[in-house]
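An overview of the molecular structure
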Protein chains: 4
Amino acid sequence: MELEELGIREECGVFGCIASGVWPTELDVPHVITLGLVGLQHRGQESAGIVTSDGESSQAFKVHKGMGLINHIFNAESLKKLYVSNLGIGHTRYSTSGISELQNCQPFVVETLHGKIAVAHNGELTNAVQLRRKLMRHGVGLSTSSDSELITQLLAFTPPLENDDTADWVARIKNLMNETPTSYSLLIMHKDIIYAVRDPYGNRPLCIGRLIPVGDMNGKGKDNSETEGWVVSSESCSFLSIGAEYYREVLPGEIVKISRYDVQTLDVVPRPEGDPSAFCIFEYVYFARPDSIFEGQMVYSVRRRCGQQLAIEAPVEADLVSTVPESATPAALGYAQKCGLPYVEVLCKNRYVGRTFIQPNMRLRQLGVAKKFGVLSDNFKGKRVVIIDDSIVRGNTISPIIKLLRESGAKEVS
Amino acid sequence: MELEELGIREECGVFGCIASGVWPTELDVPHVITLGLVGLQHRGQESAGIVTSDGESSQAFKVHKGMGLINHIFNAESLKKLYVSNLGIGHTRYSTSGISELQNCQPFVVETLHGKIAVAHNGELTNAVQLRRKLMRHGVGLSTSSDSELITQLLAFTPPLENDDTADWVARIKNLMNETPTSYSLLIMHKDIIYAVRDPYGNRPLCIGRLIPVGDMNGKGKDNSETEGWVVSSESCSFLSIGAEYYREVLPGEIVKISRYDVQTLDVVPRPEGDPSAFCIFEYVYFARPDSIFEGQMVYSVRRRCGQQLAIEAPVEADLVSTVPESATPAALGYAQKCGLPYVEVLCKNRYVGRTFIQPNMRLRQLGVAKKFGVLSDNFKGKRVVIIDDSIVRGNTISPIIKLLRESGAKEVS
Amino acid sequence: MELEELGIREECGVFGCIASGVWPTELDVPHVITLGLVGLQHRGQESAGIVTSDGESSQAFKVHKGMGLINHIFNAESLKKLYVSNLGIGHTRYSTSGISELQNCQPFVVETLHGKIAVAHNGELTNAVQLRRKLMRHGVGLSTSSDSELITQLLAFTPPLENDDTADWVARIKNLMNETPTSYSLLIMHKDIIYAVRDPYGNRPLCIGRLIPVGDMNGKGKDNSETEGWVVSSESCSFLSIGAEYYREVLPGEIVKISRYDVQTLDVVPRPEGDPSAFCIFEYVYFARPDSIFEGQMVYSVRRRCGQQLAIEAPVEADLVSTVPESATPAALGYAQKCGLPYVEVLCKNRYVGRTFIQPNMRLRQLGVAKKFGVLSDNFKGKRVVIIDDSIVRGNTISPIIKLLRESGAKEVS
Amino acid sequence: MELEELGIREECGVFGCIASGVWPTELDVPHVITLGLVGLQHRGQESAGIVTSDGESSQAFKVHKGMGLINHIFNAESLKKLYVSNLGIGHTRYSTSGISELQNCQPFVVETLHGKIAVAHNGELTNAVQLRRKLMRHGVGLSTSSDSELITQLLAFTPPLENDDTADWVARIKNLMNETPTSYSLLIMHKDIIYAVRDPYGNRPLCIGRLIPVGDMNGKGKDNSETEGWVVSSESCSFLSIGAEYYREVLPGEIVKISRYDVQTLDVVPRPEGDPSAFCIFEYVYFARPDSIFEGQMVYSVRRRCGQQLAIEAPVEADLVSTVPESATPAALGYAQKCGLPYVEVLCKNRYVGRTFIQPNMRLRQLGVAKKFGVLSDNFKGKRVVIIDDSIVRGNTISPIIKLLRESGAKEVS
């Protein structure tokens, strides 16, 4: 909850799709990408975009981008415009800075000596300042403050090694990975190929799914002959809604080439010896949807186990266990179960309270968390309640919540 | 859940506010109404409006309306425009028909022989067809298909009985109630007064709150001298966020006059003898926010008791109890508690799936409920799960959910 | 020019169309109305609307309205929606007050005891205050401050005389004309009929055109058998662009019934004895497009004759004659010709200067007319110039123009 | 007229302003630029932008861009945001291709090794294809298809020669001019300086104006001590409306440095020996506003002289001379005067006819030019009329106009 209040939402979602069939396929790629992005909408609500490739020429990309939610940006008309071939990539964005401009919408398209590429990026480059300077010293002008522009320019900038295109792009990607160790999960589209890349530290998630015939979601028909296409996504939670099944994670440092025909590992760039992997803990705690799978485990299960562990490490004599809705609910249920205490709901979230939309006057500012929550006082009056939140950074949010619950009748835990 | 799928959301929310102090008060009335409407946003997301009165002349109303969510419609500029005096009323609307037009946004303002009135209405008139014909026969042209226009015209149409304005409006309101028995919860603003009216059957909710000094939400200072103003709302859930406390319900058939100074019952129009009250059951089941209070009981508690009762009436031998998020959660928790079975979460709702925004092709249409839910399969694989939904109308939604859970590993309940 | 500066543009444009053929006709009625309104756009740029009737039921009207220019409001999609039958009416509006709201967009649609009517109105009622009071006294609530709402309510309000619909509407229209003498040019659509009405004083223009086969604009084929449909418009200037030819003016006080089959005069309501007709002089001077025909004469010719007459009444010894662009140009050319002086252009208008869009600071406010005009100083340096404007009300505009020209080198006329 | 029909409007307008005073000055620079761009609106109506610099840091630029007309894009709020210092540049754009995207809005801002620059460009690079390839070969990725991006990258790309910033930018600009000979009129803003550059062939116009105290537009006070600031604009027609007087043209190949203090020529890059200058003839014929001054002569005067010359080269025995409104009017007046024939108006342009906004059906397509013009037939019936247009490319527009006039009664010129 406090992470949300602090605006710690530097996430983005990336999603790509390639249909297996011969064009025109029955699989409507732009529609699949749109639904895939809807499944990643929790990672970014500021802007979104889709780029599709005609798969043959390296010039013919179709682009549609906009500010706001996926459902608002894409409609029948824009999807029709994007419907040109077997493949495309998309991006949904949450801005870290206050500036939210159409100019920063991804995927970025850039023309290079070897044709156009489209790039969708989730992550933040740790050496962005040095890379900016390096690129500008080489004579490249930079139009945005975005890390993702640095990635596109690094991909364009790398001297081409050979004439063969495939070799070329892998070399460029490896060179990029050499220039910046972390953090990025990337989709790079060129002609009829999508390259899926995760930085060697594996900081941001990325996984692959297989589109299977609908009506057979039950695990049957897993032989390759029935594959309808491939998808690649920041989180596996977007698979169910498009008729895809989880295939595997992209490994830290791995460069995967996805085509109509198959999914190939081209290389796995190792971390410096001794360095541990660095998957972002907040993905488990807060960013990800609970039904996503990371490192072989469902996010929900990890959250519940955290609650169980907390019950072991910090048991409390109390009457009830509850939560600050809603990313902490699995932990609260785990805590309650481990302690043998009843789980109840004590707060009711108003989903329609947005970011502070009007400067409140003194009176309304004092109301604080009450603007965001209703109190289910009947559920806990006169009881001692353990409240589980997903994280505590400075305690600025949990304190007024506790005050609110006390004023509404919760008893002190002695 | 199925109610949501069926689009049974014919609700609206009404909210009024009067500041007690001498104008200009510290209490920013348009801002309070805006936040009050945000607290009723779950009752209607299509359009909203606020009308404020300068309190003296019967002509000087300020109006701001728009399509979409409250946060989108109202900003610093529009609130400033509305800031003219001690009182105002607002409305948030969910359209029953497919047509959503600015023209149907409430509150409606209409000029009558005795000055302008603004009207906010929640409900549907059972004798609308007859009333339309009656008004047209009298020579009134009707511009919309809205029941609420009938109410404004009936209020204008009633022959004035006396010269005294107050008497006049009560007579007109009683005449309106005579013409149409149900259903309506109404706010009628004229000059410096808000009349709050509930139909004799009490079909739709309406309650009154008292604005108290902020910083003292703990029940202290309840003597009238500290009242900062009065609010009237479809649901009490909107009170906490604006620093108001629950005062009382408007009774079925009651006409309440709210002014700067106090809250007075002017009359209570009785139902025909023998007729029972008819508070809408779906308010408890689905429409209302769980922290609202109807008939002296918290909605959440009613829902939980329904679950407990179901456990008594229909116990099942199973391993787990769960819910279709999220209005059925209290019932599921009640059921689980009564049965002594563990409560788990099995579905994870994607909040960003809107109404069908693009006509899906065959493949995507078959995916059905999977577009709306993620499956937390780790939580129930190999287990027998009892699923509690808020209601079942035709079973069109619960059937595919059950199929989805089975395919994800839920065991049959024998 | 000064009329423009003073914002004296209380005009509106009305346009109706009925196709002669059996539905579906080749004549796309909504498209013709749209182009007809584009031809009347100079009469109002604030909002516009079109209503079409399915021609059979008195209920089935299609409505599309919006703020802004015709080209912005109507597109392929909205025209398709409106394409339901042989007839429709449209309106383009210029607001007199500062308030510009979608609510005031015409045509107004109102349901009456005898079915729905759509009304498009150009004019201002001289007894609006009395009519408002009369209607409200009868119990009609009024939603807008618009005169046009009074007209729709008067049409609805009139007690029905007979059961026969046609008789009924003529009686209602005559009753309306009895209630309010001026000013209105009206289109009233009911089922498959458009009634075209001009007030007895003939204050605002209205004329009828005949749609003829395109490719034959040369006057051939004027027998009725080739009529493709009828149009009715505030000004005849809108005829050429849709392939219609001027048929005749609606007379002051005339009620014309236009159907698929023909154009019939139903009645001509006379003025009170002794009262002269009162066609608005500003239509000739400023409002109308110069190629429109009023009272048998082209507006351009009237303007030129005014200039010629001015040369007779007020000859000046000078070197050049010029104009304030652009409604005064014909008068200037007439003056120049009559005096035998050369006509030159001295000012160049910037069409993109809108109404004061940003509050200017002191410096920029002093620049006055220079924001609106460029000066073609080479054309008149050292010469004595006669400047003809279309009208002078207070002289607030012409004075700074004269100052500007002097400073740019124009010599004094002694 | 035909140029307009053919969509030959590849123009843009650039405008810059520097206030002389110490910040904060009385001169509101963003407001002056906005009005300056309104004066250039005829050169491009698709999108516009303004960038202001804080004048000290090379990082602090404020940017506001949008689609549509200046009046629509800039308002009090956006101007306030831009109000940071003494200087800024703006651009208004007409797209040559069908694609109109916010991404292509100028001025472009790019960060280089020596800080941020903003660039506004009018023109088309003749060697764009080669330059694109050269930049990409160097490793620069290109995000748009715009020539103006090539210019920004060439300015960023040029290896810095010295540490001194001023020297640096002149060297970079000269290097740019070396790389591409034509066509460009450029404004380049860096810190507190605006560089104004015209290509050696002088293909596109650019001129400098001096802001003088308002209230003294009469030529008095031309000593430097009274200069309030400097402006630089595609056309001098934008000067009058902001209180500036024409100072001088930027010469072909000239690099001018404009600061708070003065206007300096830094260099004049020559054309290859033997090459003539190549000022675009269509600026005189069609693009420019008639009150602009190019090469020491007013555009209006050039157009009139063209008409006079035509009268000498191609005299016709006729009764009247007229024009296709409105860029050809000066030529028609010149022709008429030279021939001694009367000038009349025969066509009346409907300003509200936009680009084909709805696909017309067969009937409406045949109406052709009649959609755009009204015919003032009374002015020429039975007369032989000479029609002067600004240019004839294929004759696709003038032919139907002549047909229309004949059908409206014009007599044949034998």
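Note that the structure is a prediction, hence the values are computed from the model and not measured.

How each quantity is defined
- Residues numbered from 1 in each chain as written.
- Chains lettered and ligands numbered in written order.
- Predicted model: local features only at pLDDT ≥ 70, side-chain atom pairs only at ≥ 80, totals over all residues.
- Heavy atoms only, no water.
- Helix = DSSP H or I, 4+ residues; strand = E, 2+ residues; numbered from the N terminus.
- Buried < 20%, exposed > 50% of the residue type's maximum accessible area, 1.4 Å probe, protein only.
- Contact = heavy atoms within 4.5 Å.
- Areas by Shrake-Rupley, 256 points an atom, 1.4 Å probe, with all protein chains shown as cover.
- Least-squares fit on C-alpha atoms with pLDDT ≥ 70 in both.
- Arc of directions from axis to C-beta.
- UniProt positions renumbered as here; feature names shortened; annotations may be inferred.
- Disulfide = S-S within 2.5 Å.
- Polar contact = N/O pair within 3.5 Å; in protein donor to acceptor, adjacent residues only side chain to side chain.
- Salt bridge = Lys/Arg side-chain N within 4 Å of Asp/Glu carboxyl O.
- Phe/Tyr/Trp six-rings, centres within 6.5 Å; stacked < 30°, edge-to-face > 60°.
- Lys NZ or Arg CZ within 6 Å of the ring centre and 35° of its normal.
- Buried area = accessible area lost by both parts, 1.4 Å probe.
- Nonpolar A, V, L, I, M, F, W, Y, C, P; charged D, E, K, R; others polar.
- Patch = residues over 30% accessible without salt bridge, like charges linked within 9 Å, V, L, I, M, F, W, Y side chains within 5 Å.
- Pairing = 2+ DSSP bridges.
- Axes fitted to C-alpha atoms, helices over the stretch in contact; angles between N-to-C directions.
- Parallel < 35°, antiparallel > 145°, perpendicular 65-115°, else oblique.
- Left-handed = near helix turned anticlockwise from the far one by under 90°.

1. Remarks on the overall build of chain A
When its secondary structure is counted, chain A shows twelve helices and 19 strands. Looking at chain A as a whole, 61% of its 414 residues are labelled buried. Relative to all contacts within chain A whose residues are 6 or more apart in sequence, the contacts with residues 24 or more apart total 69%. As displayed, chain A has an accessible area near 15800 Å², and 51% of this comes from carbon and sulfur atoms.

2. Focus: the relation of the copies chain A and chain B
When chain A is brought onto chain B, the operation consists of a screw motion whose angular component is 180 degrees and whose axial shift is 0.0 Å, with 0.0 Å RMSD remaining. Here the copies are linked by what is in effect a two-fold axis. Rotation axis and chain A: the residue whose C-alpha lies nearest the axis is tyrosine 343 of chain A, separated from it by 4.4 Å. Both copies present the same face, since 100% of the interface residues in chain A are matched by interface residues at the equivalent positions in chain B.

3. With respect to helix α12 (residues 398-407) of chain B
Along an α-helix, residues three or four apart share an orientation, since each turn contains 3.6 residues. Residues and elements named next belong to chain B. What α12 keeps buried is the set Ile398, Ile401, Leu404 and Leu405. When α12 is viewed along its axis, its buried side chains cluster within an angular range of 120 degrees and face the same direction. Elements in contact with the buried residues of α12: β17 (347-349), β18 (373-375) and β19 (385-388). Glycine 409 sits one or two positions beyond α12 and adopts a positive phi of about 115 degrees.

4. Comments concerning the UniProt feature "active site" (unreviewed entry) in chain A
Residue and element names in this part refer to chain A. Following the UniProt record, one finds the feature "active site" (unreviewed entry) at Cys12. Within the secondary structure layout, cysteine 12 lies in strand β1 (residues 12-19). Among all residues touching cysteine 12, those that are not within four sequence positions of it are Arg43, His91, Thr92, Arg93, Tyr94, His121, Asn122 and Ser234.

5. A short note on the relation of the copies chain B and chain C
Note on the identical chains: chain B maps onto chain C by a rotation of 180 degrees and an axial translation of 0.1 Å, with an RMSD of 0.1 Å. Comparing interface residues between copies, 100% of those in chain B also lie at the interface in chain C; the contact surface is shared.

6. Here we look at the state of the cysteines
Tallied over the entire structure, the rule returns zero disulfides over all chains. Cysteine 12 of chain A carries a free sulfur, and the closest cysteine sulfur to it, the one in cysteine 105 of chain A, is 11 Å from it. The thiol of cysteine 348 of chain D is not disulfide-bonded; the next cysteine sulfur, from cysteine 237 of chain C, is found 7.3 Å away.

7. Some points on helix α6 (residues 147-157) of chain B
Residue and element names in this part refer to chain B. The buried fraction of α6 is high, at eleven of eleven residues. Considered for burial, the residues of α6 that qualify are Asp147, Ser148, Glu149, Leu150, Ile151, Thr152, Gln153, Leu154, Leu155, Ala156 and Phe157. For α6, the N-terminal capping position is held by serine 146, with its side-chain oxygen 2.9 Å away from the main-chain nitrogen of serine 148.

8. Some words on the pattern of salt bridges
All names here are of chain D. Per the stated rule, a full pass over the model turns up 66 salt bridges over all chains. Close ionic contact of aspartate 267 with lysine 174 constitutes a salt bridge, the shortest N to O distance being 2.5 Å. Taken as a pair, aspartate 267 in strand β13 (residues 263-268) and lysine 174 in helix α7 (residues 165-179) lie far apart in primary sequence, 93 residues in all. Salt-bridge contacts for arginine 384 lead to glutamate 317; the nearest nitrogen and oxygen are separated by 3.5 Å. Of this pair, arginine 384 sits in the loop between β18 (373-375) and β19 (385-388) while glutamate 317 sits in the loop between α9 (299-313) and β16 (320-323), and the two are 67 residues apart along the sequence. Since its relative accessible area comes to 16%, arginine 384 is described here as buried.

9. A word on the packing of aromatic side chains
Residue and element names in this part refer to chain A. Going through the model one piece at a time under the given rule, you end up with 28 aromatic pairs over all chains. Taking the centre distance of 5.6 Å and the plane angle of 45 degrees together, the rings of tyrosine 286 and phenylalanine 287 count as tilted. Above the face of the tryptophan 169 ring, arginine 172 is positioned so that its terminal group lies 4.7 Å from the ring centre.

10. Quick word on the interface of chain A and chain B
In this assembly, 67 residues from chain A lie in contact with 67 residues from chain B. Roughly 5500 Å² of surface becomes buried between chain A and chain B when both sides are summed, with 62% attributable to carbon and sulfur atoms. Summed over the shared surface of chain A and chain B, the result is two salt bridges. Note that glutamate 326 of chain B is salt-bridged to arginine 351 of chain A, the shortest N-O span being 2.9 Å. Taken together, the connections running from chain A to chain B amount to 14 residue pairs in polar contact (both at pLDDT 80 or more). Taken together, the elements giving at least two residues each to the side of chain A that touches chain B come down to α2 (29-38), α4 (76-82), α9 (299-313), α10 (329-339), α11 (362-365), β18 (373-375) and α12 (398-407) of chain A. Take the side of chain A that touches chain B: its biggest share by element is four residues, from α2 of chain A. Here the residues of the side of chain A that touches chain B are counted per class, giving 33 nonpolar, 21 polar and 13 charged.

11. Quick notes on the environment of arginine 260 of chain D
Residues and elements named next belong to chain D. Inspection of the secondary structure assignment puts arginine 260 in the loop between β12 (254-258) and β13. Taking relative accessible area as the criterion, arginine 260 reaches 24% and is therefore assigned partly exposed. Sequence separation between arginine 260 and isoleucine 194 is 66 residues; the distance between their C-alpha atoms is 9.7 Å. Those residues in contact with arginine 260 that lie beyond four places of it in its chain are Ile18, Ala19, Ser20, Gly21, Val22, Asn86 and Trp230. In this structure the side chain of arginine 260 is engaged in a polar contact, spanning 3.1 Å, whose partner is the backbone oxygen of serine 20. At a separation of 3.3 Å, a polar atom in the side chain of arginine 260 contacts the main-chain carbonyl oxygen of glycine 21.

12. Things to note about a nonpolar patch on the surface
Taken together, the side chains of Met67 and Leu102 of chain B together with Met67 and Leu102 of chain C make up a nonpolar region of the molecular surface, amounting to roughly 260 Å² of accessible area. With respect to the helices and strands, leucine 102 of chain B occurs in the loop between β4 (87-93) and β5 (108-112).

13. Considering the interface of chain B and chain C
In this assembly, 19 residues from chain B lie in contact with 19 residues from chain C. Carbon and sulfur atoms make up 49% of the surface buried where chain B meets chain C, a total of about 1700 Å² over both sides. The three residues of chain B that bury the most area against chain C are Glu111, Leu113 and Met136 of chain B, which together make up 33% of that side's buried surface. Summed over the shared surface of chain B and chain C, the number is two salt bridges. Among the salt bridges present, the one from glutamate 111 of chain B reaches arginine 132 of chain C, with a minimum N-O distance of 2.7 Å.

14. Concerning the pairing of strand β1 (residues 12-19) of chain C
All names here are of chain C. Most of β1 sits inside the fold, with eight of its eight residues counted as buried. Judged by which residues are buried, β1 turns out to be covered on both faces: Cys12, Val14, Gly16 and Ile18 on one side and Gly13, Phe15, Cys17 and Ala19 on the other are all buried. Here β1 pairs with strand β10 (residues 229-233) via five bridges, running antiparallel. Bridge pairing in β10 links glycine 16 to valine 232.

15. What about the packing of helix α5 (residues 128-137) of chain B against α6 of chain B?
Residues and elements named next belong to chain B. Between α5 and α6, the least distance of the axes is 10 Å, while the angle of their chain directions is 45 degrees. Here α5 is positioned oblique relative to α6, judged by the angle of their axes. Between α5 and α6 the crossing geometry is left-handed. Counted together, Ala128, Leu131, Arg132 and Leu135 of α5 and Asp147, Leu150, Gln153, Leu154 and Phe157 of α6 form the full contact between these two elements. When its residues are assigned to classes, the contact of α5 with α6 shows six nonpolar, one polar and two charged.

16. Remarks on the sheet that holds strand β12 (residues 254-258) of chain B
Strand pairing in a sheet relies on backbone hydrogen bonds, with the paired strands running either antiparallel or parallel. All names here are of chain B. Judged by pairing direction, the sheet is antiparallel, and its six strands sit side by side in the order β5-β6-β7-β8-β12-β13 without closing on themselves. Each having just a single partner strand, β5 and β13 (263-268) make up the two edges of the open sheet. Across this sheet, the average inter-strand angle for adjacent strands is 20 degrees, counted without regard to direction. Judged from the five bridges that link them, β12 and β13 form a sheet pairing that is antiparallel.

17. Concerning unusual backbone geometry
Put simply, threonine 182 of chain A and serine 183 of chain A share a cis peptide bond, and its omega is 0 degrees. Turning to its location among the elements, serine 183 of chain A is positioned in the loop between α7 (165-179) and β7 (185-190). Going from tryptophan 23 of chain B to proline 24 of chain B, the amide bond is cis rather than trans, its omega being -5 degrees. Following the sequence through the fold, proline 24 of chain B ends up in the loop between β1 (12-19) and α2 (29-38). The backbone of lysine 191 of chain C sits at a positive phi, close to 50 degrees, despite the residue not being glycine. Residue position: lysine 191 of chain C is located in the loop between β7 (185-190) and β8 (193-198). Note on lysine 191 of chain C: relative accessible area 27%, which makes it partly exposed. Of note, the phi angle at glutamate 295 of chain C is positive, near 50 degrees, even though the residue is not glycine. Its location among the elements puts glutamate 295 of chain C in the loop between β14 (293-294) and β15 (297-298). Classification of glutamate 295 of chain C by relative accessible area gives partly exposed; the value is 44%.

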